[in-house]
Each structure stands twice: as C-alpha cells, then as structure tokens.
Amino acid sequence: MKKKIQTLLKLVLTGLALYLVFRKIDTGELLELLKAANFIWFVPAILLFVFSKVATAFRLNLYFRNIGLVISELQNWKLYLIGMFYNLFLPGGIGGDGYKVYLLHKEYQTPVKKLIQAALLDRLGGLISIVFLMFGFFLLVDIAIPWMESNWWNGLMVAGIVLTFPAFWLMQKLMFKDFMPSFWPAMLWSFAGQIAQLFCVWFILLALGIEQQIMAYQLVFLLSSIVSILPLTIGGVGARELVFVYAHTYAGIDEAAAVAFSMIFFVITALVSLCGAFIKVDFSEQKAV
C-alpha cells in the first residue's frame, strides 16, 4: 500500500510539474522546433548518451570488485541496463539499485550492506562530478542575478572547485573505506560519463538549430540533473523541464527550446532504458568459466 501511495504521489507531482511547464511556454513554438529538428544530430547524441552510461557502469563494477564481487563488464552492463529499466518504467517497484542488490546477493551471497554501499557510492560519485562541473560553469556563464556576478560568489565557486575532491575523498575515507582503492579510477569514469552527456546536450541543441548560449543550456542541464535525482516525479519527468522553464530568464536561454531539448533527452533516456526489458543476466555462464 505504501509503495502504491508513493507511486500515486509521483504521478500527481509529475502531472503538476508538466502542467506548470506547458502553461508557461508557447506550445506552438515548441511544436515548430520539434518539427524542424535535424535528426542526423541525434545519432551522435544517442551514442554519447550510451557511452555515458557505459562509463558509469564501469565505475559501479570497480566498486563491486572492491568488495570481492567479480563479474564481467558485459554482465555488469546488462545488469546496469535492467536497472535503468526498473528505475524509469517501474517506479513503484524495488528500483534499479534494489534489483541489483537483490540479484547479486542471491547469486554470490555478497553481504547486502556492502552492495548497498556500492550502489550508494555510485550515486554519490555521479553527483560529485555534476557538482564539480557546475561550479566551473557558474564561473563561465553570465547569470542575470546581481549577486551571482559578485566577487564573493566567484570566490565561492572557486572554493567549491578546489574543495570538492578533498571533501569527497575524506567522506569516502571515513564512510566507505573498502572502496578507497578505486577512488581515482571511479572519479575518472564519473567525469567521462558526465562530459559525454554534456556533449550529448550540445548535439541535441544543434539538432534544434541552437548554436548560441550552449554553455548556459549545459549549466541548466547540470542543475536539472540534480533535481531529477530526487525521487519526486516519474523518471524526473516534469522536474527537469520545470528547472529549464524557470531558469531561462536568468540564464538567457529560450524556454521553448529548453523544454524541447529536455523532452528529447528524456526520449533518448527512455529508449536506452527500454533495452533493459529485453535483456536477461545469466550468471551461470560466468561461474562456469
């Protein structure tokens, strides 16, 4: 019953967010942008999105090996895709992370606590790379908010860049000691994945005919990525678009174009995630090798 109520609340919040988005934008302009899109640019956008997920799957497998769980990169990638499917299309269930923890514990008897720590650290590693890049983009993008152009704000952003890694290293040292051997390789995969998504953003914008204020769109994308992590809506739908709509005034981006981008990014995410519905992980093959 509790899960059903949570799913219902997510549906309500998703619907409310989408209502607020479409009430504030010119839907006619949005449709024209989508109709005029140059679909050839979607090919590199999709490839880069897939690469970003492969990178984060590599990061997760590093954490698995830190706790003595050795599975092939192929099996891990299959498991990652299934997790993406669970997260997006089955929001009322156990979720992608929960499914991976359950299956790996069942197959390898790896302690649940260690698996949960690996899954949590995987999420945190992705978040840290987003935050680090966001600090940098705030220094490079002009925001139409006076105090964000002040010296103290710029100093705060520089401090954020300098302290992000040491703070995360210290937190991992204190709370996730077993995973310290993979700290730097995992961080490299985190950045590879996030930078790939920023290039994915660029190609989607090119498809929509947008060639200016690219970094502003990317900054708002990073902000929306943090919001979409929160389990408030179905797959982050509505929440990401809402961030773009309310940020357009300050970041100097076109709100209809921003919503069109966000919708296309979600479609790409959904198509890749849907692959997880047709994949089966057979650990017996690896155990037999």
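What to know about the overall build of the chain
Along the chain, the regular secondary structure elements total 12 helices and 0 strands. Within the chain, the fraction of its 289 residues that count as buried is 49%. Counted over contacts in the chain with a minimum sequence separation of 6, partners at least 24 positions apart contribute 75%. For the chain, the computed accessible surface area is about 14,500 Å², with 70% contributed by carbon and sulfur atoms.

Quick notes on the side chain of serine 52
As for its position among the elements, serine 52 is in helix 3 (residues 42–66). Exposure remark for serine 52: the relative accessible area of 1% places this residue in the buried category. Residues in contact with serine 52, not counting those within four places in the same chain, are Gly193, Ala196 and Gln197.

Observations regarding the nonpolar core
Core analysis: the biggest nonpolar cluster contains 78 residues, and Phe64, Leu104, Phe138, Ile204, Leu208, Ile253 and Phe261 have the highest contact counts within it. No other element matches helix 8 (residues 183–207), which puts 12 residues into this core. Once you skip the residues sitting within four places of it in the chain, leucine 104 turns out to touch Phe64, Leu69, Ile71, Leu79, Gln109, Thr110, Leu115 and Phe283.

Considering the pattern of salt bridges
Under the defined criterion, the tally for this structure stands at 5 salt bridges. Residue glutamate 73 pairs with arginine 65 through a salt bridge whose shortest N-O separation is 3.6 Å. Among the residues examined, glutamate 73 registers a relative accessible area of 29% and is labelled partly exposed. As a salt-bridge pair, aspartate 97 and arginine 123 come within 3.1 Å of each other at their nearest N and O atoms. Highlighted residues: aspartate 97 in helix 5 (residues 95–108) and arginine 123 in helix 6 (residues 112–140), separated in sequence by 26 residues. On the basis of relative accessible area, arginine 123 is assigned to the partly exposed category, the value being 42%. Several salt bridges share partner residues, and in doing so they unite Asp97, Lys100 and Arg123 into one network.

Re the packing of aromatic side chains
Applying the stated criterion to the full structure yields 24 aromatic pairs. Between phenylalanine 132 and phenylalanine 191, the aromatic rings sit 5.3 Å apart at their centres with planes inclined by 90°, giving edge-to-face as the arrangement. You can see phenylalanine 132 sitting in helix 6 and its partner phenylalanine 191 sitting in helix 8, a full 59 residues away along the chain. Each member of the pair, phenylalanine 132 as well as phenylalanine 191, carries the same accessibility label: buried.

Considering the packing of helix 4 (residues 73–89) against helix 5
With their axes 7 Å apart at the nearest point, helix 4 and helix 5 run at an angle of 135° to one another. Considering their axes alone, helix 4 and helix 5 lie oblique with respect to each other. Seen from above, helix 4 lies across helix 5 with right-handed handedness. Contact residues: helix 4 offers Leu79, Tyr80, Ile82, Gly83, Tyr86 and Asn87, while helix 5 offers Gly95, Gly96, Asp97, Tyr99, Lys100, Leu103 and Leu104. Here the residues of the contact of helix 4 with helix 5 sort into 7 nonpolar, 4 polar and 2 charged.

Details of the packing of helix 4 against helix 11 (residues 255–274)
Running from N to C, helix 4 and helix 11 point in directions that differ by 125°, and their axes come no closer than 8 Å. Taken together, the axes of helix 4 and helix 11 are oblique relative to one another. Crossing hand, helix 4 versus helix 11: left-handed. When helix 4 is examined against helix 11, the residues Leu81, Met84, Phe85, Leu88 and Phe89 are found in contact with a partner set consisting of Phe266, Thr269, Ala270, Val272, Ser273 and Leu274.

Points about the environment of tryptophan 189
Secondary-structure assignment places tryptophan 189 in helix 8. Through-space distance from the C-alpha of tryptophan 189 to that of threonine 56 is 6.2 Å; in sequence the pair is 133 residues apart. If sequence neighbours within four positions are ignored, tryptophan 189 has contacts with Ala55, Phe58, Arg59 and Leu62.

Cut-offs and rules
Residues numbered from 1 in each chain as written. Predicted model: local features only at pLDDT ≥ 70, side-chain atom pairs only at ≥ 80, totals over all residues. Heavy atoms only, no water. Helix = DSSP H or I, 4+ residues; strand = E, 2+ residues; numbered from the N terminus. Buried < 20%, exposed > 50% of the residue type's maximum accessible area, 1.4 Å probe, protein only. Contact = heavy atoms within 4.5 Å. Areas by Shrake-Rupley, 256 points an atom, 1.4 Å probe, with all protein chains shown as cover. Core = buried A, V, L, I, M, F, W, Y, C linked by side-chain atoms within 4.5 Å. Salt bridge = Lys/Arg side-chain N within 4 Å of Asp/Glu carboxyl O. Phe/Tyr/Trp six-rings, centres within 6.5 Å; stacked < 30°, edge-to-face > 60°. Axes fitted to C-alpha atoms, helices over the stretch in contact; angles between N-to-C directions. Parallel < 35°, antiparallel > 145°, perpendicular 65-115°, else oblique. Left-handed = near helix turned anticlockwise from the far one by under 90°. Nonpolar A, V, L, I, M, F, W, Y, C, P; charged D, E, K, R; others polar.

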